[in-house]
Every structure is written in structure tokens, then in C-alpha cells.
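The chain contents come next:
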Amino acid sequence: MMLDATPVKENMSTSYYDAKRMVSKLGVEVKNIDCCIRGCMLFYDNEFGTNDGELEECKFCESPRYLVRSKGVDQRQNRIAVKSMFYLPIIPRLQRMFASMHSASQMAWHHTNRISSGMMRHPSDGEAWKHFDRVHPEFALEPRNVRLGLCSDGFTPYNFSGNAYSCWPVIVTPYNLPPEMCMTKPYMILTCIIPGPSSPKAGIDVYLQPLIDDLKRLWVGAWTYDVSRKQNFNMRAALMWTINDFPAYGMLSGWGTHGKMGCPHCMNHTKAFTLDFGGKNYGEARRIKGYGVDHNWTKRSIFWDLPYWKDNLLRHNLDVMHIEKNFFDNMLNTVMDNEKTKDNEKARKDMELLCNRKELELKHRPNGKLLKPKACYTLTPQEAKAVCRWLNELRMPDGYSSNLARCADANTGKLHGMKSHDCHIFMERLLPIAFSSLPKNVLNPLTEISQFFKDICASTLRVDDIIKLDRNIPVIFCKLEQIFPPGFFDSMEHLPVHLAYEAFLGGPVQYRWMYPFERFIGDSK
């Protein structure tokens, strides 16, 4: 069918074998590496001291490498591994970027287009990039050397399967390119496909070993031909940071993101505490002595094997996309006073212990039940339905937002099914209008947090504006603490405090959030 539909039939392969042979000439190979079924190790050899490629069973749990075949069949013929992963070597894929005139001529953009006016429009304008150049001047001397970002996230590839299956792709993207090319799908490199059926959790480092080995080789360099300059050069590369949601942040960094010391910036310098009624109990995980008391380390991350990792100012990014969505969800559910509100009975009981708000304390009824007085920060049912009717009638420019009317139920006054970008638009553009019926002492702080996310997500940033945002966000949270109950504030409501500082280090948010990676994974799925 493909051959019949092709006008120039001479260049069309006639079979799958011919097509595969043609594509193999590109030199972008794929490795299938056997794994322990429990994720303890890879059956893999490298020049850095790992020689496990010939083992028949796991050296930690002694699980067999291959499926056991029935008697009478040659056990060494066409053996099938119990579990395996795909690794797509990164070095030839980076070399291919210098083999195209379209991309090779742009790989030094960050060096030839620098500005010194206090404006930040690219990661190269951030302090982390500049600090790395100062610490490693020999690396910065060659502008074609590649700076990389890494992202990993889990998704379910089988929509209609009866069993849950979580697959974890690992994506690497180069930051040398100009803003119109950087973070776009053609320049996102899929490097690892970590198999399921469950999340690898702290064991993700095992599957990252081939990638880390390639990054070590790239720190020394790989001989590469630059077609734009018609010359060979020693291409080096460095991993600047990772980009993940908060649970994956803990998996890759090794710092547990649960409990009182869940913030990876504050670490043990925190005054957080657990609420008596609204506190959460977390499951047991692998612990290091002193966990939860002196530190929250669960492991030593494999990224510390990179010789330059200690010199990175920003090793793991807080994902603004998920932080904004979670913050908005908690605020929306509380203001709309639906079943997912943070203003529940447990929150009111904690309020009695910690706050002096007699008008909001639970009242005992004669029938033994508790009455929860209406708070000033919640809408009435009529006001909630009015917000939904307004969203049903709202029209936006084509391509600016999805149809928010599908999320609004005017009969019940509830919003449901809002995606991350829906929350992004509502938080930064619609919130001050939608909640305009709230008292001014409530609406003004909500408008300020809305403006904060709008400013921090701008495509270009000024350093002096970032300093102002960093100073203002604690004040905004103090205002919110005077409005919402203590149960509203968990680690996700705390993380925005550090977003301005990370913007100062890493540059604009659109290079360090999950939106482009989520779209890439969606296409791959």
C-alpha cells in the first residue's frame, strides 16, 4: 500500500527488512539490555569496571536472567530474557545534530547571542550556566560543547489493559539551540525506556547506568564532524539538571519528598510540623540512619558519579507545571467548597488548636453531629453555579486554551476534569474574575498569587523583577495563612517560595518545566 501511494517508487523500500537496513546506515543504534526481574542490576559491560554481561543470574537476589524452558529443549538456543530494557545511545544522536546544516549552525547560538542588559531569555542567561563556565573554563572555551537537561516520567502505554503497567521513558534535550528550536520535539532525544510493570522508585539508578556511562564519555569528548564549519572537533557534553514532578524528584535526587523535611531546598532547616488531625501517614521506604530526624536522604544518586555534578548550582528543578496545578486544585476545591476541599472537619479541628478563629470552629448539634460554619473564603452554592455559567459562556482566542466549558457543570456548581494547561490558564488569567464575589481581604491575596505565577512563567525575565518576586512571595503566603486553615498548607503550597530563586539560577521557566516533555511522551504513547 505504501509503495502504491509513493510517486517515486525507486526510492521506496519493498520490505520491512530493506527499510530497516536503510535506516541502520544512519548509525543511531538501539541496545536491548537484559535486567534483573527485580531491578537489582543490568547484565551489562562497560569500561568503567562493570563486567556483568555474561552472568546467568542476578548477583544480588540470584534471580535467573533467562526464562526456564521445558525439558528436552536446548536451554542455550534462542534464550529469552525475563526482563529487558531499551537504551538508545546518546553520543551518535548528538553527533547527528552536527551533521545537519539546519541544526549544526545553531549549536553555538547561546555563545553568539549573549546579552548583558539584565534580561533572561535563555538558560545561558542564568547564574547556573555562568557559574559552570567559571568553574570549567576549558569546557566553555568551545561553544559547540553541549549542555543537556534530563526528564523522566511514568505513563501507562496500555490504555485498555486490565493490569496496570507503568513505563518510564528518559528524555534528554540540548540547550545550545535558540529559543524557537530549544525544547521542541525534533530536538528531544529518547535515551532509555525503563520497563514496568511498576515504578522503579529508588532503583531507577540501575536503569540509568548506560546513560551515565555515555555522559562520562562525553565529558572527555567524542570526535565529531561539524558540517557547518567543514571540520572535526572534540564534542563534549555536560548534564546541567533534571526536570521532574515532585515524586520523581525524590527518585532521581535521593532526597525523600515526604514528611517534615520534604522540601529539598530547606532540607533540615525547616520549621514544618505535622498536624494532629490532618497529618498524613507515609508508607515505609528504604531508609538511611537518621532519616526524618537529621535528613531525608534515601540513597546516593547515580548522578554524583558525574565528575562535574558537584559544581552544578541547580541539579534538580522544581516543576512549575505540577506545582501550579496542585496549588490551583487545592485553592479551587477549597473556594468552591466541594468534596475535595482542604477545609474539612479535620482542618477545622486543627484550626481550634492553632488559630484564634472562634467563628470557624465546629459547632456541636443536639443530634450529636458537627456543624461546620461557612467560611469567608468559600463561595455559596449560588455563586459557584454562577462561576460555572460564566465559564460556559466564556470564549477565548483559538489555540489559547482548551474549551473550559466542558469542565463546568452549571447545575451542580462544580468544576471537573481540568488538565494542567486548563489550570494554568485559570490560575493566571481567570482567577481574579471568577472569584470576584469574595471579600476583598480574601480576593486580594488570591490575585497576588495569581500574578506571581503569571510573572514567574513569563517567556523573558529581568533579574531585578526576579529579586522582587523572591521578596514578595513569603509576604503573599503570610496573607494566605491568615485566610485559609492550617490544613491547606502542605509541601506543595510551600514550594512556590523557591521558584524565583530557581528562575535566577536556570532562566525562564519554559525551559525547565514538564509541558514539552508531557507532549513528547503523549506522542510516543
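Below: a short report on this structure.

Quick notes on helix α3 (residues 90-97)
Taking burial as the measure, the eight residues of α3 include six buried ones, the bulk of the element. Looking only at α3, the buried set comprises Ile 90, Ile 91, Pro 92, Arg 93, Leu 94 and Met 97.

Notes on the nonpolar core
Residues Leu 94, Leu 211, Met 331, Phe 426, Phe 435, Leu 446 and Ile 449 are the most contacted members of the largest nonpolar core, which totals 131 residues. Looking at this core element by element, the count peaks at nine residues for helix α11 (residues 320-336). Every residue in contact with Leu 94, bar those within four places of it in the chain, is listed here: Val 146, Leu 148, Ile 189, Leu 218, Met 235 and Ala 237.

Some words on the sheet that holds strand β2 (residues 84-87)
As summarised here, the arrangement of the seven strands in space is β1-β2-β6-β5-β4-β9-β10, forming an open sheet in which the pairing is mixed. Each edge of the open sheet carries a strand with a single partner, namely β1 (31-34) and β10 (316-318). Going across the sheet, the axis of each strand differs from the next one's by a mean of 25°, ignoring polarity. Bridge analysis of strand β5 (residues 168-174) against strand β6 (residues 189-194) gives five bridges, and the strand direction is antiparallel. Bridge assignment links Ile 171 to a residue of β6, and that residue is Leu 190. Sitting on the sheet, helix α6 (residues 127-135) is in contact with β4 (146-152) and β9 (237-244), with an inclination near 155° to β9. The strands that helix α19 (residues 515-524) touches are β4, β5, β6 and β9; relative to β5, the one it contacts most, it runs at about 125°.

Here's the deal with unusual backbone geometry
For the bond from Gly 196 to Pro 197, the omega torsion is 10°, close enough to zero to count as cis. Tracing the backbone shows Pro 197 in the loop between β6 and α8 (204-207). Positive phi is not limited to glycine here, since Lys 201 has a value of about 55°. Locating Lys 201 in the fold gives a position in the loop between β6 and α8.

What counts as what
Residues numbered from 1 in each chain as written. Predicted model: local features only at pLDDT ≥ 70, side-chain atom pairs only at ≥ 80, totals over all residues. Heavy atoms only, no water. Buried < 20%, exposed > 50% of the residue type's maximum accessible area, 1.4 Å probe, protein only. Helix = DSSP H or I, 4+ residues; strand = E, 2+ residues; numbered from the N terminus. Core = buried A, V, L, I, M, F, W, Y, C linked by side-chain atoms within 4.5 Å. Contact = heavy atoms within 4.5 Å. Pairing = 2+ DSSP bridges. Axes fitted to C-alpha atoms, helices over the stretch in contact; angles between N-to-C directions.

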